[in-house]
Amino acid sequence: TRNTGTDASSAVRSSPCSLAACYRSPMPLRPLIVPFLLLLTGCSAAPLVDLTGDAHVTNQTTAATAGLVHVHVENPNKTPIKLVEFDYTVSVSGQRPWTGRHSGDMVLASGFDRMAELPIVLPAGSGAGTRVKIHGSLHYLDTSTIAETMAEWGYRPTASFSGVATMRARAEPVADANGP
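Residues numbered from 1 in each chain as written. Predicted model: local features only at pLDDT ≥ 70, side-chain atom pairs only at ≥ 80, totals over all residues. Heavy atoms only, no water.

1. Overview of the pairing of strand 3 (residues 81-91)
Item 1. Note: strand 3 against strand 4 (residues 98-108), nine bridges, orientation antiparallel. If you follow Tyr88 over to strand 4, its bridge partner there is Gly100.
Item 2. Hairpin remark: strand 3 followed by strand 4, antiparallel, with six residues in the connecting loop; positive phi at Gly94, about 80°.
Item 3. Bridging between strand 3 and strand 6 (residues 131-142) involves ten bridges; their strand directions are antiparallel. Across the sheet, residue Val90 finds its bridge partner in strand 6, namely Ile134. (Pairing = 2+ DSSP bridges. Helix = DSSP H or I, 4+ residues; strand = E, 2+ residues; numbered from the N terminus.)

Here you go:
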């Protein structure tokens, strides 16, 4: 005879996911733990990253122009943050974009701000007066133990930035009026 499922014990045995089977199945805990830890610790505010609009040429050859773009970073949190890395893309009108990566290499105390210089490479002939568009993200870490643990699991918070800067000529050394 065929089982019609009216017997309660046979229905539990034939169920594809009985309670015992569900508890034995491996369940990935990482997707559950990370949001829980974020709620537990409170999400820290992202650092404020602004382009100052200031950029200058550092070297110019027939092949390319190198320069620096100045970025202002501020920590609005009550705890220090570690600036890990800047990832960014630079473009000049009508030219192929250039992608850069630069180490943050600093810990920013609560309420403090700093200027960072991002190295850029532009096409040949892009000198003083060239308008440069830049956008990217700053990867940072809270310095708490839980934040460092989450970073080991691959959680990397970011703060985005974008803007335009106008390249200016590199500063020439000023000769001493009294001579050498």
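2. Quick word on the environment of Thr61
Item 1. In this fold, Thr61 is placed in the loop between strand 1 (48-60) and strand 2 (64-74).
Item 2. Separated by 63 residues in the primary sequence, Thr61 and Ala124 place their C-alpha atoms 7.0 Å from one another.
Item 3. Here the side chain of Thr61 touches Ala63 through a polar contact of 3.2 Å, landing on its backbone nitrogen. (Polar contact = N/O pair within 3.5 Å; in protein donor to acceptor, adjacent residues only side chain to side chain.)

3. Observations concerning the nonpolar core
Item 1. Formed by 26 residues in total, the largest nonpolar core has its most connected members in Val73, Phe86, Tyr88, Ile120, Ile134 and Phe161.
Item 2. Counting only elements with at least two residues in this core, the list comes to strand 1, strand 2, strand 3, strand 5 (113-123), strand 6 and strand 7 (158-168).
Item 3. Top contributing element to this core by residue count: strand 3, with five residues. (Core = buried A, V, L, I, M, F, W, Y, C linked by side-chain atoms within 4.5 Å. Buried < 20%, exposed > 50% of the residue type's maximum accessible area, 1.4 Å probe, protein only.)

4. Brief notes about the side chain of Asp142
Item 1. Inspection of the secondary structure puts Asp142 in strand 6.
Item 2. An unpaired buried charge is present at Asp142: no salt bridge exists, and Lys82, the closest side chain of opposite charge, is 12 Å distant.
Item 3. A polar contact of 3.5 Å, which involves the side chain of Asp142, links it to the side chain of Thr79. (Lys, Arg positive; Asp, Glu negative; His and termini not counted. Salt bridge = Lys/Arg side-chain N within 4 Å of Asp/Glu carboxyl O.)

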